Amino acid sequence: MGQQGDSIEEIFQRLRHGTGREESFRLLFNRFYWPLFRFFEHRRFSTEECQDLIQETFLRVYRGIETFRGEARCEHWLFRIAANTASKAVRHRAAAKRAGRDVPLENDDPEGAPTAGGSPLAAAAPAPLERLLGKEVREQLSRAIDGLPAQMRRCVRLRVFREMDYDEIADVLQISPSTVKVQLFKARKRLQMELGEALAGFDF
Amino acid sequence: MDAHIGMKRLIAYRQGALPPAEREDVQEHLSLCKRCTDLLRELRDFEAASAGNVAAGPESLQNEAWESLARRLPWKVPAIRPVTGADRLKAPRLRALRLSVATAAALVLALLGFSVWTAIVAQRERRELVRLERRLEEREEALAAARRSLAKAERQLAAARASLASSPLSLHELEIQLAEAKRQLAAARLESVRFSFSPRFETGRVHELETRVADLEALRRTQAPDRVAASQPIDVSIGPRFALRGQETSENAFLRGGGAVNTVEIPDQAKSFTVAVSLAAGAFNEYRFELTDRDGQVLWTGRKPGKALLGDAGTSVSVHGLDPGLYRLRVEGLEPDRTQLLGEYRLEVKTSPHP
């Protein structure tokens with residue numbers, strides 16, 4: 001990656017003006033092939049499907065290059081096209097399945113369970129909530145969390161129900177990790193005070 | 001739960017481009033929705049990957065994809081798009097199947113039908129593309145024209161301001177320049193409305209022009225009382241003339257301009273008088289009347305279409321709320337493309353006990 005000196009914007013510029021189209025498009029392809037491959041792979045498509053979807057994405061890019069006026073960042077534009085292509089493929093797959101046709105797909109999981117291999121944070125994450133708390137307490141906890149101030153409850157939800165670490169919460173909410181830390185610290189105190197014994201043995 | 005966050009909105013959120021309230025909504029939704037946080041993560045990962053932080057795999061895979069893609073792209077294609085269906089159906093797998101002659105024939109027919117269909121669709125798409133390209137060109141041209149007229153209006157305003165600052169202008173000249181500036185502004189505004197769907201059009205410049213016209217008008221108001229004495233007498237002998245109905249007994253039947261005072265006598269209960277328009281020839285599309293007090297404060301304005309006045313000297317305009325004192329009456333002739341000052345008259349209103 002990056003062995004070509006041209007910026008993405010320059011490549012787009014040349015493509016729009018139609019000079020050296022094929023070469024420019026090849027550069028664009030090389031630049032985004034692996035990012036797109038990893039994106040589709042992450043969505044649990046097989047290698048063969050990834051190849052197809054990448055081609056489909058670039059066909060759409062090629063057709064849309066005239067309409068892309070540079071208001072958005074190129075990679076965002078590509079991401080939107082790729083995500084739409086993936087959704088369309090999933091819909092197509094579902095329709096094919098309903099029609100009872102043979103669909104040669106592995107890893108077909110409509111629920112979109114966490115990525116195989118898990119996140120690197122998995123080790124640091126607390127044990128699943130279900131094992132630690134009874135149904136009643138979980139509901140009680142849920143209500144108590146809903147009653148927290150906005151920023152605090154968002155941090156707690158992502159921490160407790162989604163098992164994210166500080167950095168990840170900060171990234172999702174676009175706030176600083178130290179803010180997350182402070183919010184969670186305060187939340188712990190408040191929830192302990194409110195729920196007391198019920199939460200014994202549970203930490204987040 | 002609320003509807004999922006759209007892709008555009010999510011990207012705007014990631015770029016920190018959302019207004020605070022909307023940002024809060026997105027944060028709240030994200031704290032509850034796995035699908036949207038997943039999408040956000042994918043976006044983040046894709047950004048990082050596009051910046052070069054990506055694990056590349058075997059080059060053969062990449063080359064294979066490119067070869068296949070390049071075959072499907074129009075630059076490799078003579079007149080009609082390729083039978084993309086053949087690629088989609090994945091030839092190797094097809095070959096592996098043992099097909100009976102009948103199914104093979106059916107398949108060939110289906111493929112043929114599909115290729116004809118793709119050709120039709122391709123042609124339609126190509127026509128649409130040509131149409132869109134032409135529309136884009138037209139828009140760009142019109143946009144450039146709008147820009148040019150805006151620039152012209154700006155130049156004229158600047159010139160008007162500069163000459164106002166350097167030399168003592170007659171009020172008449174000032175009026176003409178102002179009218180021209182207003183006309184240009186109206187044209188620019190119209191263009192800006194026509195192109196308001198284009199985010200690149202600088203509506204800010206229209207706003208700036210508006211401010212300048214307002215400045216110029218304010219300047220006119222402050223300068224008018226002083227300048228009118230020094231100004232050239234305004235020639236109202238050409239075109240329509242105006243009279244005060246019921247006041248014809250004064251020395252002149254028609255209103256006199258050039259700084260002369262026209263006496264208006266009205267009953268003290270009435271608080272109004274009537275301007276009659278004598279339209280000999282060359283009627284304007286529309287007439288605009290404006291009554292100001294000594295301080296240049298506009299008390300009343302009225303517009304009358306020329307057609308309504310033509311051939312009927314009795315059509316009149318009433319002005320209410322008058323106390324005794326000095327006033328100024330302006331009359332302008334309006335055409336779609338220009339505004340002409342027809343007369344500016346000083347009036348002295350006197351009240352007399354009702355007979």
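Asks: Help me understand the overall build of chain A in this model?
Replies: When helices and strands are tallied, chain A shows nine helices and zero strands. Listing every helix and strand of chain A by position from the N terminus yields α-α-α-α-α-α-α-α-α. Expressed as a percentage of the 204 residues in chain A, the buried residues total 27%. The long-range share in chain A, meaning contacts at least 24 apart out of those at least 6 apart in sequence, stands at 54%.

Asks: What exactly am I supposed to notice about the overall build of chain B here?
Replies: Secondary structure assignment for chain B yields ten helices and eight strands. Across chain B, every contact between residues at least 6 apart in sequence was considered, and the portion connecting residues at least 24 apart equals 68%.

Asks: Is there a simple way to think about the sheet that holds strand β2 (residues 261-267) of chain B in this case?
Replies: Note: strands within a sheet are paired through backbone hydrogen bonds, in either parallel or antiparallel orientation. All names here are of chain B. With mixed pairing, five strands are arranged side by side in an open sheet as β2-β8-β7-β4-β5. The open sheet terminates on both sides in strands that have one partner only, identified here as β2 and β5 (298-305). The mean inter-strand angle of the sheet, taken between neighbouring strand axes irrespective of direction, is 25 degrees. Across eleven bridges, strand β7 (residues 325-335) lies against strand β8 (residues 338-352) in antiparallel orientation. Residue Leu329 lies in a different strand from β8, and its bridge partner there is Tyr345.

Asks: I tried to follow the nonpolar core on my own but got confused; where do I start?
Replies: The nonpolar side chains of soluble globular proteins are, as a tendency, buried together. Core analysis: the largest hydrophobic core is formed by 52 residues, its most contacted members being Tyr33, Leu36, Phe40, Ile54, Ala82 and Ile169 of chain A. No other element matches the ten residues that helix α2 (residues 21-42) of chain A contributes to this core. Judged by nonpolar contacts, the second largest core, of 14 residues, contains Ile266, Phe284, Tyr327 and Val331 of chain B.

Asks: Looking at this structure, I do not really get the pairing of β2 of chain B. What am I missing?
Replies: Residue and element names in this part refer to chain B. Burial along β2 is one-sided: the residues Asn262, Val264 and Ile266 are buried and none of Val261, Thr263, Glu265 and Pro267 is. Two elements, β2 and β8, share seven bridges in a ladder whose sense is parallel. Residue Val261 lies in a different strand from β8, and its bridge partner there is Arg346.

Asks: Which parts of the structure should I look at to understand the interface of chain B and chain A?
Replies: Where interface size is quoted, it is often the accessible area lost as the parts come together. Across the contact, 32 residues belong to chain B and 35 residues belong to chain A. Elements represented by at least two residues in the side of chain B that touches chain A include exactly α1 (7-14), α2 (20-32), α3 (34-50) and α4 (59-72) of chain B. Take the side of chain B that touches chain A: its biggest share by element is ten residues, from α3 of chain B.

Asks: Help me understand the packing of α1 of chain B against α3 of chain B in this model?
Replies: Geometrically, a packed helix pair is captured by the angle between its two axes and the distance between the axes. All names here are of chain B. Here α1 crosses α3 at 60 degrees, and the two axes come no closer than 11 Å. Taken together, the axes of α1 and α3 are oblique relative to one another. The handedness of the crossing between α1 and α3 is right-handed. Counted together, Leu10, Ile11 and Arg14 of α1 and Leu39, Leu40 and Leu43 of α3 form the full contact between these two elements. Residues that form the contact of α1 with α3 fall into these classes: five nonpolar, no polar and one charged.

Asks: Explanation requested: α1 of chain B in the structure shown.
Replies: Side chains that are three or four residues apart share a direction in an α-helix, a result of its 3.6 residues per turn. Those residues of α1 of chain B not exposed but buried are Leu10, Ile11 and Tyr13 of chain B. Along α1 of chain B, the residues classed as buried sweep out an arc of 160 degrees about the axis, all on the same side. Taken together, the buried residues of α1 of chain B touch α4 (74-98) of chain A together with α2 and α3 of chain B. With its phi angle positive at about 70 degrees, Gly16 of chain B sits one or two positions after the end of α1 of chain B.

Asks: Just checking my understanding: could you explain the confidence of the model for chain B for this structure?
Replies: Caution applies to low-pLDDT parts of the model: their predicted coordinates are not meant to be read in detail. Residue and element names in this part refer to chain B. Scored by pLDDT, chain B comes out at a mean of 73, with 65% of its residues at no less than 70. Low pLDDT (under 50) marks residues 197-201, which in the prediction has six contacts with non-local residues, meaning those over four places away or in another chain. Scored as a whole, the predicted complex attains pTM 0.46, and scored at its interfaces, ipTM 0.80.

Asks: Looking at this model, I keep getting lost on the environment of Val137 of chain A. Mind explaining?
Replies: In this structure, Val137 of chain A sits in helix α6 (residues 135-146). Along the backbone, Val137 of chain A and Leu199 of chain A are 62 residues apart, and their C-alpha atoms lie at a distance of 7.8 Å.

Rules used in this analysis
Residues numbered from 1 in each chain as written. Chains lettered and ligands numbered in written order. Predicted model: local features only at pLDDT ≥ 70, side-chain atom pairs only at ≥ 80, totals over all residues. Helix = DSSP H or I, 4+ residues; strand = E, 2+ residues; numbered from the N terminus. Buried ≥ 20, exposed ≤ 12 C-beta atoms within 10 Å, placed from the backbone. Contact = placed C-beta atoms within 7 Å. Pairing = 2+ DSSP bridges. Axes fitted to C-alpha atoms, helices over the stretch in contact; angles between N-to-C directions. Core = buried A, V, L, I, M, F, W, Y, C linked by C-beta atoms within 7 Å. Parallel < 35°, antiparallel > 145°, perpendicular 65-115°, else oblique. Left-handed = near helix turned anticlockwise from the far one by under 90°. Nonpolar A, V, L, I, M, F, W, Y, C, P; charged D, E, K, R; others polar. Arc of directions from axis to C-beta. pLDDT = per-residue confidence, 0-100.

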